[in-house]
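Below are the chains, spelled out letter by letter.
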Amino acid sequence: QVVGGVIVYTAIAANAQWIRTRERLTKQALVAARAELQALRAQLDPHFLFNTLHSLTQLAQEDSKATEVSLERFGDLMRYVLRAGRERVAEVAVEDELAFLRNYLALEQLRLGDRLRVVEEVDPDALELGMPPLLLQPLVENAVRHGIAPRRDGGRLRLAASLDGGSLVFDVADDGAG
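For every chain, the first residue of the written sequence is number 1, and numbering continues from 1 onward in sequence order. Note on the predicted model: pLDDT of at least 70 is required for a residue's local features to be given, and 80 or more for side-chain atom pairs to be given and counted; whole-chain, interface and lining totals, by contrast, use all residues. As a rule here, side-chain values cover all heavy atoms of the structure and leave hydrogens and water aside.

Peer 1: Explain the overall build of the protein residue by residue, including any values.
Peer 2: Each helix is a run of H or I in the DSSP string that is no shorter than four residues. Each strand is a run of E no shorter than two, and both are numbered from the N terminus. Tallying secondary structure elements over the protein gives four helices and five strands in all. Order of helices (α) and strands (β) in the protein, N terminus to C terminus: α-α-β-α-β-β-α-β-β. Counting over 178 residues, the protein shows a buried share of 31%. Of all intrachain contacts in the protein linking residues separated by at least 6 positions in sequence, the fraction that spans at least 24 positions is 73%. Under the convention used here, a 1.4 Å probe and the Shrake-Rupley method define accessible areas, while residue burial counts only the protein chains that appear. Carbon and sulfur atoms form 55% of the exposed surface of the protein, whose accessible area is close to 11,100 Å². Only protein chains enter the calculation, and the probe is 1.4 Å; a residue is then buried if its accessible area is under 20% of its type maximum, exposed if over 50%, and partly exposed in between. Contacts are residue-level and defined by heavy atoms, with any inter-residue pair within 4.5 Å sufficient.

Peer 1: Describe the packing of aromatic side chains, listing the residues and the values that go with them.
Peer 2: Pairing of aromatic side chains requires ring centres within 6.5 Å, counting the rings of Phe and Tyr and the six-membered ring of Trp. Pairs whose planes differ by under 30 degrees are stacked, by over 60 edge-to-face, and all others tilted. By the definition in use, this model includes one aromatic pair. Between Y80 and F100, the ring centres sit 4.7 Å apart and the planes meet at 20°, which makes this aromatic pair stacked. You can see Y80 sitting in helix α2 (residues 64–86) and its partner F100 sitting in helix α3 (residues 94–112), a full 20 residues away along the chain. An identical accessibility class is assigned to Y80 and F100; each is buried.

Peer 1: Let's hear about α3: which residues, and what values?
Peer 2: Expected helix span is computed as 1.5 Å times (number of residues minus one). If you check α3, its first and last C-alpha atoms are 26 Å apart, about what 19 residues at 1.5 Å a residue would give, namely 27 Å. Buried within α3 we find V94, E97, L98, F100, L101, N103, Y104, L105, A106, L107, E108 and L112. Just downstream of α3 lies G113, where phi reads positive at about 60°.

Peer 1: Account for a negative patch on the surface, with residues named and values stated.
Peer 2: Patches here are clusters of residues that have more than 30% relative accessible area and form no salt bridge, with a 9 Å joining cutoff for like charges and a 5 Å cutoff for nonpolar side chains (Val, Leu, Ile, Met, Phe, Trp, Tyr). Whenever a carboxyl oxygen of Asp or Glu lies within 4 Å of a side-chain nitrogen of Lys or Arg, that contact is scored as a salt bridge. By the counting rule applied here, Lys and Arg register as positive and Asp and Glu as negative, while His and the ends of each chain are not counted. For this purpose, a charge sits on NZ of Lys, CZ of Arg, CG of Asp or CD of Glu. Together, E95, D96, D125 and E128 make up a negatively charged patch on the protein surface. Note on placement: E95 falls in helix α3. Look at E95 and you get partly exposed, because its relative accessible area is 44%.

Peer 1: Help me get a handle on unusual backbone geometry, residues and values and all.
Peer 2: Backbone geometry places L134, a non-glycine residue, at a positive phi of 65°. The topology assignment puts L134 in the loop between β3 (130–131) and α4 (137–148).

Rendered as structure tokens:
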């Protein structure tokens, strides 16, 4: 009985230790992911903000109605970023993230015009899934800045969301040089 008791005790103690270790590692990974997400959010502010304001200034001289619509999109964009930062939202619906990206890309089109062509291939079943907010914006920004903007003819940006074995797969691709 003593040997059996020691074996049962050892198994229970090992299992409890494994659970504590797993919880600690999960918490550490979550803290690291939140810090990385915060750094990504910070990237949006200065560079994008000034480019957009410059484009809006130019647009205001040419078309007041388009300026009004663009300012509304810019406001929606900033509210999304501020809400995600203030409320420390862990996840948003894919549909909300896509709406954010559409507003972002509409503002980029102020600068690039017809040179920026956007194609969306979104599985309707993916729209209600959750994902970290602002995760895709740096990828989209890099695709526009490095893949499309330098080209005289511009290019095509493809946003695709699908399900693969129960997991969300999001693809951001451009037809630029690299």
